[in-house]
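Okay, here's what each chain looks like letter by letter:
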Amino acid sequence: MSKIVLASGSPRRQELLERIGITEFEVRVPQVEESFPEGLTPQQVVEYISREKSQAVPSSEEEIVITADTMVFLDDARLGKPADEDDALRMLTALQGRRHTVCTGVTVRQGGRCITGSETTHVYFRSATQQELRAYIKTGEPMDKAGSYGIQGKGALLVEKLDGDFFNVMGLPVLRLSRMLEQFGVAFFQ
C-alpha cells in the first residue's frame, strides 16, 4: 500500500483514521489561509478549502494525501472557532433548541489524481440553561472547535439528535473517506 499522509493537525482526525485501520500515516499540516470565493454553498466552501489544503501539501507521486475541512453553519452563517469564552457563549446560545449543519469537505490526492467530496450532517441541539453553557465553556472543550462544541466529549450532552454521519461532526466522514480511498487501491476488508 502507498504511504498515507494526513494533512491535518487535528487529533480527532488522527484518531478516526486509526479507528478504521489506518495506523501508519504521516502528519503534515498545511499552511493555508481558509478563504473562499463568494457565493458558494456550504458544501462547495468545504470542498474548495479541502482542495486548497491538498495543493499546499508537498508529496511524492506515490503518497496518498488526505485533507479535510469541517465547518458549522447555522442557517447560512458560518460558525468558526470561538475567539474567546464570550464568543463561545454567543454561538452555543444561538444553537440552543435549533438545527444546524456540519459540512466536511474531503480531498484524496495521489500524484496528479485528485478526488474531492463532502458530507453534510444535521445536528439538533436541546435547550440548555445559561448556567449549563457557561459550565461547559469552563471545561475548555469548546475553545478549539467550530461551533464551540465537541460531539465526542461533553458537547454530546447538548445534542438531542442528529441526521447523518456522526463522524462527520467529529471532523472526518469515515465512510465517505473509505470509499474515496478504495478508488486509490486502499482495501479495508481483506
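Residues numbered from 1 in each chain as written. Predicted model: local features only at pLDDT ≥ 70, side-chain atom pairs only at ≥ 80, totals over all residues. Heavy atoms only, no water.

**Points about the overall build of the protein chain**
When you go through the protein chain residue by residue, the secondary structure sums to six helices and seven strands. Walking the protein chain from its N terminus toward its C terminus, one meets helices and strands in the order β-α-β-α-β-β-α-β-β-α-β-α-α. A globule of 190 residues ought to have a C-alpha radius of gyration of about 16 Å, and the protein chain, at 17 Å, matches this closely. By its C-alpha atoms, the protein chain is 50 × 40 × 25 Å across when sized along the principal axes. Residue burial in the protein chain is summarised as follows: out of 190 residues, 48% are buried. When the accessible surface of the protein chain is summed, it comes to about 9,500 Å², and 47% of that surface belongs to carbon and sulfur atoms. The centroid of the 22 positive side-chain charges in the protein chain is displaced by 3 Å from the centroid of its 27 negative side-chain charges. (Helix = DSSP H or I, 4+ residues; strand = E, 2+ residues; numbered from the N terminus. Rg over C-alpha atoms; globule rule 2.2 N^0.38 Å. Buried < 20%, exposed > 50% of the residue type's maximum accessible area, 1.4 Å probe, protein only. Areas by Shrake-Rupley, 256 points an atom, 1.4 Å probe, with all protein chains shown as cover. Lys, Arg positive; Asp, Glu negative; His and termini not counted. Charge placed at Lys NZ, Arg CZ, Asp CG, Glu CD.)

**Focus: the environment of M170**
Tracing the backbone through its elements, the reader meets M170 in helix α5 (residues 166-170). A relative accessible area of 6% places M170 in the buried class. Discounting chain neighbours no more than four positions away, the residues touching M170 are R12, L16, I151 and Q152. (Contact = heavy atoms within 4.5 Å.)

**Let's talk about the pairing of strand β5 (residues 99-110)**
With eleven of twelve residues buried, β5 is to be regarded as a mostly interior element. Sheet topology note: the strand β3 (residues 64-74)/β5 ladder contains ten bridges and is antiparallel. Paired with V65 across the strands is R109, a residue of β5. Pairing between β5 and strand β6 (residues 113-125): twelve bridges, direction antiparallel. Of the residues in β6, the one forming a bridge with G105 is S118. Turn length for the β5-β6 hairpin, with the two strands adjacent in sequence and antiparallel, is two residues, and the turn residue G111 shows positive phi of about 60°. (Pairing = 2+ DSSP bridges.)

**Description of the packing of helix α3 (residues 85-95) against helix α4 (residues 130-138)**
Axis separation between α3 and α4 bottoms out at 10 Å; the angle between their running directions is 135°. Here α4 runs oblique to α3, going by the angle between their axes. You can see that α3 and α4 cross each other, and the crossing is right-handed. Across the interface between the two elements, E85, A88, L89, L92 and T93 from α3 touch Q130, L133, R134, Y136, I137 and K138 from α4. In terms of residue class, the contact of α3 with α4 is made up of six nonpolar, two polar and three charged. (Axes fitted to C-alpha atoms, helices over the stretch in contact; angles between N-to-C directions. Parallel < 35°, antiparallel > 145°, perpendicular 65-115°, else oblique. Left-handed = near helix turned anticlockwise from the far one by under 90°. Nonpolar A, V, L, I, M, F, W, Y, C, P; charged D, E, K, R; others polar.)

**Let's talk about the side chain of K53**
Note that K53 resides in helix α2 (residues 42-55). The exposure class of K53 is buried, given its relative accessible area of 10%. Those residues in contact with K53 that lie beyond four places of it in its chain are P30, V32, E34, T67, A68 and D69.

**Details of α2**
Three- or four-residue spacings in an α-helix give side chains the same orientation, since the helix completes a turn every 3.6 residues. Spanning 14 residues, α2 covers 20 Å between terminal C-alpha atoms, matching the ideal 20 Å at 1.5 Å per step. Taken together, the buried positions of α2 are occupied by V45, V46, E47, I49, S50, K53 and S54. At its buried positions, α2 is contacted by β3, β5 and β6. (Expected span 1.5 Å × (residues − 1).)

**What about the packing of aromatic side chains?**
Here the structure, examined in full by the defined rule, presents two aromatic pairs. Pairing F125 with Y149 gives two aromatic rings, centres 4.8 Å apart and planes at 70°, and the pair type is edge-to-face. One end of the pair, F125, is in strand β6; the other, Y149, is in the loop between α4 and β7 (159-163), with 24 residues separating them in the sequence. Their ring planes at 80° and their centres at 5.5 Å tell us that F166 and F167 sit as a pair that is edge-to-face. The partly exposed category is assigned to F166, whose relative accessible area is 31%. Relative accessible area serves as the criterion here: at 28%, F167 is assigned to the partly exposed category. Across from the ring centre of F184, 4.4 Å away, lies the NZ or CZ of R113, which sits over that ring. (Phe/Tyr/Trp six-rings, centres within 6.5 Å; stacked < 30°, edge-to-face > 60°. Lys NZ or Arg CZ within 6 Å of the ring centre and 35° of its normal.)

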